[in-house]
Amino acid sequence: MAALRLGLIVNPLAGLGGTRGLKGSDGEAVRQLAASLSGQELQRSNDRASRALQKLVGVKDLLVLTWGGAMGADLAASLGLNHQVLGKPCGGLSGATDTRRAAEALLAAGVDVLVFAGGDGTARDIYDAVGERQPVLGIPAGVKMHSAVFAVSPEAAGELLLELASAGLVGLRSQEVRDIDEDAFRHDVVRSRYYGEMLVPGEGRFLQHTKVGGRESQELVAADIAAWVVEHMDPGTLYLVGPGSTTAALMEELGLANTLLGVDVVKGGELCASDVDEAGLLAALAEHAGPAHIFVTAIGGQGHIFGRGNQQFSPAVIRAVGLENISVLAAKSKITGLEGRPLLVDTNDPELDARFSGYREIITGYDDRILYPVAAMDNQETS
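Residues numbered from 1 in each chain as written. Predicted model: local features only at pLDDT ≥ 70, side-chain atom pairs only at ≥ 80, totals over all residues. Heavy atoms only, no water.

Caption draft 1: The environment of Leu-79, seen in detail. Within the element layout of this structure, Leu-79 appears in the loop between α3 (73-78) and β3 (83-85). When the C-alpha atoms of Leu-79 and Leu-56 are compared, they prove to be 9.2 Å apart, with 23 residues separating the residues in sequence. Setting aside residues up to four positions removed in sequence, Leu-79 forms contacts with Ser-50, Leu-53, Gln-54 and Val-57. (Helix = DSSP H or I, 4+ residues; strand = E, 2+ residues; numbered from the N terminus. Contact = heavy atoms within 4.5 Å.)

Next up, the structure:
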């Protein structure tokens, strides 16, 4: 099983303004208040983060990457979680700059999901640092929590993370970050504004595309996946469409002929080449001046993404396209059929396989995505 790389940021000041009627925890007033409080009184956000992360105590395949002291390292150590400290606050009470620095470092370190304890102000700082490039999950610990990036409770956040660590079906979708003007709020004026959107994991359920008995129709799901993907295709991107029935549905949605067991090349809604081998793919990539993207699916029952039936996607081709430009398409029933085993990569390049391993976004329906582990074959065989 691929280890879950969990980023952790705790805002030690989150929630302090609530019981004092300060209508929030942003601003200098709260910093002055915090400076006068005892260590015990400063534990609110830490305690709520602890309630969430206690669910992960004892999970074997887990690495917590975090920031120093009260921003996460102290909590990870107290719970006995396997953790690594990437940095520390600049000094004294942490602030928004520290939160943004920590989030940027966690993004660069390649965490699978960034978990933060705070309120809307913290969510805003996280958004400034990572935008929609990084799945995040908020542990509610602030005064204002109007954003949709928070779990309903610390325990709910913990349960969701435990499901993720157990390779459950955890959905992934864009959710709003909102914030209230605290100064106006303190004068009884509510000014809530849209600030942006971040990718947030949530519980996955078999709610769509069901027949009698609740069995998923893979044909309907493949059609929905295809519709969603085609809506978001860029006319200037060169697309390499791998073999399989799910990717065949993509070609059908485009109205193009498909090589079921081969790789086809598409650009601007037109078929550029069919059943292309490695040399042909490299040539097409070399001739194309813009971005490129690979669409691939998983083999049912086995879970291979690369290395079984699509060796045209060689390490050279994958590197030329870029790991960040690969989309995995698969129905949820195909994922649940793995019974918690990870998806697999076997490109015959261990270094590349290791880089691709971890929790990856899988497109499972129309505007329906999950986070699911991917593992290299050598790690899978020796674990």
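Having seen the structure, we can now continue with the description.
Caption draft 2: Inspection of the side chain of Thr-247 at higher detail. Along the polypeptide, Thr-247 turns up in helix α9 (residues 245-254). Take Thr-247: its relative accessible area is 0%, and that puts it in the buried class. Excluding residues within four positions of it along the chain, Thr-247 makes contact with Val-241, Gly-242, Phe-295, Val-296, Thr-297 and Leu-329. (Buried < 20%, exposed > 50% of the residue type's maximum accessible area, 1.4 Å probe, protein only.)

Caption draft 3: Examining the nonpolar core more closely. Core analysis: the largest hydrophobic core is formed by 53 residues, its most contacted members being Leu-6, Ile-9, Leu-53, Leu-114, Phe-116 and Ile-126. If we skip the residues at most four places from it in the chain, Leu-6 touches Leu-53, Leu-56, Leu-62, Leu-63, Val-64, Leu-65, Val-111, Val-113, Val-115 and Leu-161. Listed in part, the 35 residues of the second largest apolar core include Leu-281, Ala-292, Val-321 and Val-328. (Core = buried A, V, L, I, M, F, W, Y, C linked by side-chain atoms within 4.5 Å.)

Caption draft 4: Just helix α10 (residues 278-287), in detail. The complete set of buried residues in α10 reads Leu-281, Ala-284 and Leu-285. In a view along the axis of α10, the buried residues occupy a sector of 100°, so they form one face of it. Facing away from the buried surface of α10 by more than 90 degrees, the exposed residues are Ala-279, Ala-286 and Glu-287. Among the structural elements, β8 (238-241), β9 (264-267), β11 (292-297) and α11 (315-321) are those in contact with the buried residues of α10. (Arc of directions from axis to C-beta.)

Caption draft 5: Broad picture of the environment of Val-115. Among the secondary structure elements, Val-115 is positioned in strand β4 (residues 113-118). Its relative accessible area of 0% is what places Val-115 among the buried residues. Put simply, Val-115 and Phe-150 are 35 residues apart on the chain and 9.7 Å apart in space, counted from C-alpha to C-alpha. Setting aside anything within four residues of it in sequence, one finds Val-115 in contact with Leu-6, Gly-7, Leu-8, Ile-9, Leu-137, Ile-139 and Leu-161.

Caption draft 6: Layout of the pattern of salt bridges. Overall, the coordinates contain eleven salt bridges when judged by the stated rule. With a shortest N-O distance of 3.1 Å, Lys-332 and Asp-368 are connected by a salt bridge. One end of the pair, Lys-332, is in helix α12 (residues 332-336); the other, Asp-368, is in strand β16 (residues 368-376), and 36 residues separate them in sequence. As far as the burial class goes, Lys-332 and Asp-368 line up, both buried. With a shortest N-O distance of 3.8 Å, Asp-367 and Arg-369 are connected by a salt bridge. Among the residues examined, Arg-369 registers a relative accessible area of 11% and is labelled buried. Here the salt bridges share partners, and the residues they tie into one network are Arg-319, Asp-349 and Glu-351. (Salt bridge = Lys/Arg side-chain N within 4 Å of Asp/Glu carboxyl O.)

Caption draft 7: Spatial organisation of the sheet that holds strand β2 (residues 62-66). Read from one edge to the other, the open sheet built from five strands follows the order β3-β2-β1-β4-β5, with strand pairing classed as parallel. Only two strands of the sheet have a single partner each, and these edge strands are β3 and β5 (136-140). On average, each strand axis in the sheet is tilted by 25° relative to the strand beside it, whichever way the strands run. Two strands pair when backbone bridges link them, and strand β1 (residues 4-10) and β4 are joined in this way by five bridges, in the parallel orientation. Looking at the pairing, Leu-8 lines up with Val-115 of β4. Lying over the sheet, helix α4 (residues 96-109) contacts β1, β2 and β4, oriented at roughly 175° with respect to β1. (Pairing = 2+ DSSP bridges. Axes fitted to C-alpha atoms, helices over the stretch in contact; angles between N-to-C directions.)

Caption draft 8: Molecular detail of the confidence of the model for the chain. For the chain, per-residue confidence averages 85 on the pLDDT scale, and residues scoring 70 or more make up 83% of the total. No element of the chain has a lower mean pLDDT than helix α7 (residues 182-185), at 53, and none a higher one than β8, at 98. When the criterion is pLDDT under 50, residues 204-215 qualifies, and its contacts beyond four places in sequence or with other chains add up to 19 contacts. (pLDDT = per-residue confidence, 0-100.)

Caption draft 9: Geometry of the packing of helix α2 (residues 44-53) against helix α6 (residues 154-165). Two elements in contact, α2 and α6, have axes separated by 7 Å at closest approach and are oriented at 35°. The element α2 and its partner α6 pack so that their crossing is right-handed. Here α2 contributes Arg-48, Arg-51, Ala-52 and Leu-53 to the contact with α6, which in turn contributes Pro-154, Glu-155, Ala-157, Gly-158 and Leu-161. (Left-handed = near helix turned anticlockwise from the far one by under 90°.)

Caption draft 10: Geometry of the pairing of β9. Note that β8 and β9 share four bridges and pair antiparallel. Note on β9: the bridge partner recorded for Leu-240 is Val-265. Where β9 meets strand β10 (residues 270-273), three bridges bridge the pair, whose relative direction is antiparallel. Looking at the pairing, Lys-267 lines up with Glu-270 of β10. What sits between β9 and β10 in their antiparallel hairpin is a turn of two residues, with Gly-268 showing a positive phi close to 60°.

Caption draft 11: View of the pairing of β2. Burial analysis of β2 places five of its five residues in the buried class, which makes it a mostly covered element. What you see with β2 is no split at all: Leu-62, Val-64 and Thr-66 on one side and Leu-63 and Leu-65 on the other are buried throughout. Where β1 lies against β2, five bridges are found, and the strand directions are parallel. Paired with Gly-7 across the two strands is Leu-65, which belongs to β2.

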